[in-house]
Amino acid sequence: VRYAGIVIAPEGNDSLTIRDALRWTAVGQTVCPVPQVTDLGLAPAVAPVRVAVVTGKDADARTQRPTVAEAVEFYASRTQQACDEGAKLSALPEVCLDWHVAGTLMEKALTVPGPATDRFADLARQYGATIVVGLHERVDGDVFNTAAVLDADGTIAGTYHKVHLASFEAFSGVVPGDGFPVFDTAVGRIGCNICMDSSATESSRMVGLNGADFLVLPIMGDHRASVWQRGNPKLDEERWRSIMRVRAMDNQFCMVVARNNCTASCIIDRSGEFLAYNDGSADFVLADVPLGADFRKWNGGCFRQVNW
């Protein structure tokens with residue numbers, strides 16, 4: 001068996017210990033040659049990424065938008081404001097480009113790329129920013145709940161199709177996706193979940209295993225984060241914070257959570273620290289997210305190396 005790995009040493013470290021052990025059997029032996037070790041020098045410095053979650057205020061959440069063009073302008077104008085403040089990654093809510101727009105699902109579904117995403121592609125090029133947009137996407141005769149990732153040059157870095165559908169989506173004819181791709185972008189590697197995906201731990205775990213720096217989560221709400229009693233759902237922010245924090249820590253990526261109703265949209269780093277949280281009063285929130293190897297546990301080990 002051949003093992004190989006790159007280990008980032010804690011600052012001030014001057015030694016390396018490798019332990020060879022045979023475990024879980026009462027008999028047997030191992031033969032291990034002296035390992036080959038190459039000093040790669042200092043890990044390259046990685047600049048923080050300014051991240052925005054663009055939602056509009058709570059007061060805007062239930063506003064009817066008669067056309068897709070009006071919805072596009074609502075979110076694009078606020079995305080531009082975030083870009084003016086230096087955002088290099090912006091995340092928008094679930095199916096926001098056709099949310100509250102009149103018409104059937106098939107009538108509202110959009111193409112990617114297409115006129116609706118072109119507005120955000122222009123912003124991406126203008127500001128050198130990566131933008132993740134939620135919409136219902138038409139692919140031939142199918143409709144998907146999609147997160148479209150537009151890279152800094154305005155091209156489509158990739159599209160994620162929601163895998164775990166809410167029951168009403170399946171009844172409405174939405175087709176589920178079948179995987180958790182991670183896309184290379186100007187700000188790092190981005191994977192997505194959408195709403196109900198969050199209920200299945202495998203959704204975020206696959207994004208982590210596929211090497212994401214960011215998990216972008218457009219979401220209406222999480223049924224686990226509602227008050228647990230019969231009646232209309234009511235957001236329990238303490239539960240919400242716990243769920244999102246654990247996702248970030250367990251999978252060692254930054255969570256970028258864009259909620260349609262604005263309140264509780266947030267940005268969380270790999271350590272589970274909330275860097276930004278929207279109380280419902282802001283059009284968008286911003287945070288500078290570190291991507292370097294400085295997330296260390298008590299003995300200097302790297303959390304990501306331990307988890308994976």
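Attention in this report is confined to the structure presented alongside it.

Conventions we followed
- Residues numbered from 1 in each chain as written.
- Predicted model: local features only at pLDDT ≥ 70, side-chain atom pairs only at ≥ 80, totals over all residues.
- Heavy atoms only, no water.
- Pairing = 2+ DSSP bridges.
- Helix = DSSP H or I, 4+ residues; strand = E, 2+ residues; numbered from the N terminus.
- Axes fitted to C-alpha atoms, helices over the stretch in contact; angles between N-to-C directions.
- Contact = heavy atoms within 4.5 Å.
- Disulfide = S-S within 2.5 Å.
- Salt bridge = Lys/Arg side-chain N within 4 Å of Asp/Glu carboxyl O.
- Buried < 20%, exposed > 50% of the residue type's maximum accessible area, 1.4 Å probe, protein only.
- Phe/Tyr/Trp six-rings, centres within 6.5 Å; stacked < 30°, edge-to-face > 60°.
- Parallel < 35°, antiparallel > 145°, perpendicular 65-115°, else oblique.
- Left-handed = near helix turned anticlockwise from the far one by under 90°.
- Nonpolar A, V, L, I, M, F, W, Y, C, P; charged D, E, K, R; others polar.
- Polar contact = N/O pair within 3.5 Å; in protein donor to acceptor, adjacent residues only side chain to side chain.
- Core = buried A, V, L, I, M, F, W, Y, C linked by side-chain atoms within 4.5 Å.

1. What to know about the sheet that holds strand β4 (residues 142–150)
So, point 1. Read across the sheet, six strands follow the order β5-β4-β3-β2-β1-β12 without closing on themselves; strand pairing throughout is mixed. Strand pairing shows two members of the sheet lacking a second neighbour, β5 (156–161) and β12 (284–289), which therefore form its edges. Each adjacent strand pair in this sheet contributes to an overall mean axis angle of 30°, direction not counted.
So, point 2. The sheet contact formed by strand β3 (residues 130–139) and β4 spans nine bridges and is antiparallel. Opposite Val 133, over in β4, you have Ala 148 as the bridge partner.
So, point 3. Sitting on the sheet, helix α1 (residues 68–84) is in contact with β1 (49–54), β2 (89–91), β3 and β12, with an inclination near 155° to β1.

2. A few points about the state of the cysteines
So, point 1. Counted by the stated rule, this structure contains zero disulfides.
So, point 2. Of the cysteine sulfurs around Cys 266, a residue in no disulfide, the closest is that of Cys 254, at 9.3 Å.

3. Notes on the pattern of salt bridges
So, point 1. A full pass over the atoms with the stated rule returns 10 salt bridges.
So, point 2. Where Lys 57 meets Asp 283, a salt bridge forms, and the shortest distance between an N and an O atom there is 3.1 Å. Placement of Lys 57 in the loop between β1 and α1 and of Asp 283 in the loop between β11 (274–277) and β12 is noted, with a sequence separation of 226 residues between them.
So, point 3. Arg 78 is paired through a salt bridge with Asp 283; the nearest N and O atoms lie 3.2 Å apart. In this pair, Arg 78 is assigned in helix α1 and Asp 283 in the loop between β11 and β12, connecting sequence segments 205 residues apart. Residues Arg 78 and Asp 283 agree in their burial class; the two are buried.

4. Some details on the sheet that holds strand β10 (residues 266–268)
Sheet strands pair by backbone hydrogen bonding; their relative direction is either parallel or antiparallel.
So, point 1. One open sheet accounts for six strands, arranged β6-β7-β8-β9-β10-β11; its pairing is mixed. Strand pairing shows two members of the sheet lacking a second neighbour, β6 (182–185) and β11, which therefore form its edges. Within the sheet, the average angular offset between the axes of one strand and its neighbour, ignoring direction, is 20°.
So, point 2. Bridge analysis of strand β7 (residues 188–192) against strand β8 (residues 214–219) gives three bridges, and the strand direction is parallel.

5. Topic: the packing of aromatic side chains
So, point 1. Counted by the stated rule, this structure contains three aromatic pairs.
So, point 2. Their ring planes at 80° and their centres at 4.9 Å tell us that Phe 74 and Tyr 75 sit as a pair that is edge-to-face.
So, point 3. Among the residues examined, Tyr 75 registers a relative accessible area of 1% and is labelled buried.
So, point 4. Measuring from ring centre to ring centre gives 5.9 Å for Tyr 160 and Phe 180, while their planes differ by 25°; the resulting arrangement is stacked. Here Phe 180 lies in the loop between α4 (167–172) and β6 and Tyr 160 lies in strand β5, a separation of 20 residues in the sequence.
So, point 5. Overall, Tyr 160 belongs to the buried group, its relative accessible area being 1%.
So, point 6. Assessed through its relative accessible area of 15%, Phe 180 is described here as buried.

6. Here's the deal with the packing of α1 against helix α3 (residues 115–127)
In helix packing, the relevant descriptors are the interaxial angle and the interaxial distance, both defined with respect to the helix axes.
So, point 1. Where α1 contacts α3, the two axes come as close as 9 Å, and the packing angle between them is 10°. Accordingly, the angle class assigned to the pair α1 and α3 is roughly parallel. The two elements α1 and α3 cross, and the hand of that crossing is right-handed. Mapping the contact onto sequence places Val 68, Val 72, Glu 73, Tyr 75, Ala 76, Thr 79, Gln 80, Cys 83 and Asp 84 in α1 and Ala 116, Arg 119, Phe 120, Leu 123, Gln 126 and Tyr 127 in α3.
So, point 2. Across the contact of α1 with α3, the residue classes break down as nine nonpolar, three polar and three charged.

7. Notes on the side chain of His 161
So, point 1. With respect to the secondary-structure elements, His 161 resides in strand β5.
So, point 2. Engagement of the side chain of His 161 in a polar contact is seen with the side chain of Glu 137, the distance being 2.9 Å.

8. What about the nonpolar core?
In globular proteins that are soluble, nonpolar side chains generally tend to be buried together.
So, point 1. If you look at the biggest cluster of nonpolar residues, it comprises 47 residues, and the most contacted ones within it are Phe 214, Trp 240, Met 244 and Met 255.
So, point 2. Filtering out sequence-adjacent residues up to four positions away, Trp 240 remains in contact with Ile 219, Gly 221, Asp 222, Ala 225, Leu 235, Val 257, Arg 259, Ala 264, Cys 266 and Tyr 277.
So, point 3. Counting 32 residues, the second largest nonpolar core, distinct from the first, contains Val 68, Ala 116, Ala 129 and Phe 284.

9. Things to note about the packing of helix α5 (residues 201–209) against helix α6 (residues 237–251)
So, point 1. One can describe the packing of α5 onto α6 by two numbers: an axis separation of 9 Å at closest approach and a directional angle of 40°. Between α5 and α6 lies a crossing whose hand is right-handed. On α6, the residues that touch Thr 201, Ser 204, Arg 205 and Gly 208 of α5 are Arg 247, Asp 250 and Asn 251.
So, point 2. Partitioning the contact of α5 with α6 into residue classes produces no nonpolar, four polar and three charged.

It is worth stressing that arrangement in space is one thing and function is another; only the former is reported here.
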